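Working through the structure, step by step
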Amino acid sequence: MASVKTVLFLGFCLSDWIVITAEQNFGPKVENVRWLSLDFKTILTWSVQKSNNTYQYNVFFAEDEDPEWVESEECSQVSDLECDLSNHLKPSDRTYTADIQTIPDTGSYDPDELPHTFSPPFNPYKDSNISAVHFTVEAVDETTVTVNIKDTLTSVHLGEKQLTIRDIFKKDLKYKISYYKSGSTGKRDILSDSSMAQVSGLDPGQSYCFMVAAYIPSRTKPLKQGAWSQQRCTEGYKNVLQELSVGAWVGGIFILLTVLILISTVTVLCYRRNKQRYETTQTSQASAPI
Ligand SMILES: *[C@@H]1O[C@H](CO)[C@@H](O)[C@H](O)[C@H]1NC(C)=O
């Protein structure tokens, strides 16, 4: 009975040992595989459990219905925990999956048996974040302005040309323009099909503030809207005090300070002189014979 136990125990130890050595030889699977994508610059990232060994990775990717896995040349035997796949992913509406292999640090291996991890699916057209846009606002007349939006450049090149988000999304790209009258809390949103929009019906003489974001209605909810731009305001009617520039204010304050210093200096000097004269008169009176 005892000998059976010993054999079992030895067996367990042996299998544990085999598992451990197997892991050491092959290295761990990568974890937390994520896509990070902004304006079609797309980076695949992953993590790996802490260990004393350093590993290298091979990255493969495949396009949806295509069963063929393509190895990324740039990310062949990399030791970083990321890989820039921008150049491989076409910006049209298709889904990609990546596969990350961990390469053992020593020995020969069968590539088909390497530990590997699939990424979640990723569609650049639907999932790449869109950064904040730049724009200008120009007054057309008292109640109308033109909002001129610059289509953001992406990381995608077509030959020599660097494509903008308009080149990629074409008619799918709208812009959301949000504006409010300076000093009021009510906001209004409008959607513009083109990169140049007219906003009319503004109150004459009032200052208005505008913000713009790329907007792609064909996407799913949280991904429809790009980042909000910075705010830009028009100049409304201004009274004299508001019209003074910062320079004028600084200059004015400087002159005021100089005048104040002059006045106080003169006052102190006059006071001293008068006091002296008074004292002299007092002394001369005191010493005068009665
Ligand atoms: C897009 O931005 C959101 C919010 O910052 C972030 O949570 C998400 O991971 C980003 N997606 C990609 C694909 O980079």
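Report on the accompanying structure. Note that this is a predicted model, so its numbers are computed, not measured.

1. Examining the packing of aromatic side chains
Per the counting criterion, the structure on display carries 7 aromatic pairs. Measuring from centroid to centroid gives 6.3 Å for Tyr179 and Tyr208, while their planes differ by 55 degrees, and the two rings are tilted. On the criterion of sequence distance, the pair formed by Tyr179 in strand 12 (residues 174-181) and Tyr208 in strand 15 (residues 208-215) is long-range, its members being 29 residues apart. On the basis of relative accessible area, Tyr179 is assigned to the buried category, the value being 5%. With relative accessibility at 7%, the residue Tyr208 sits in the buried group.

2. Notes on the nonpolar core
Counting residues in each nonpolar core, the largest one holds 25 residues, and the members touching the most others are Val147, Phe169, Tyr175, Phe210 and Val212. Of all the elements in the fold, those that place two or more residues in this core are strand 9 (144-150), helix 3 (165-169), strand 12, strand 14 (196-199) and strand 15. With 4 residues, the top contributor of residues to this core is strand 15. Formed by 18 residues, the second largest nonpolar core is a distinct cluster that contains Trp35, Leu85, Ala98 and Ile100.

3. Observations concerning the state of the cysteines
Going through the model one piece at a time under the given rule, you end up with 2 disulfides. In this model, Cys75 is linked to Cys83 through a disulfide, with the two sulfur atoms separated by 1.9 Å. The sign of the S-S torsion, about 95 degrees, decides the handedness of the disulfide formed by Cys75 and Cys83: right-handed. Like Cys83, Cys75 is buried. Here Cys209 connects covalently by a disulfide to Cys233, the sulfurs 2.1 Å from one another. Classification of the bridge connecting Cys209 and Cys233 rests on its S-S torsion, roughly 105 degrees, and on that basis the disulfide is right-handed. A residue pair is termed long-range when its members are at least 10 positions apart, and Cys209 in strand 15 and Cys233 in strand 16 (residues 232-233) qualify at 24 residues. Once the disulfide-bonded cysteines of the chain are ranked by sequence position, their pairing pattern turns out to be 1-2, 3-4.

Rules used in this analysis
- Residues numbered from 1 in each chain as written.
- Predicted model: local features only at pLDDT ≥ 70, side-chain atom pairs only at ≥ 80, totals over all residues.
- Heavy atoms only, no water.
- Phe/Tyr/Trp six-rings, centres within 6.5 Å; stacked < 30°, edge-to-face > 60°.
- Helix = DSSP H or I, 4+ residues; strand = E, 2+ residues; numbered from the N terminus.
- Buried < 20%, exposed > 50% of the residue type's maximum accessible area, 1.4 Å probe, protein only.
- Core = buried A, V, L, I, M, F, W, Y, C linked by side-chain atoms within 4.5 Å.
- Disulfide = S-S within 2.5 Å.

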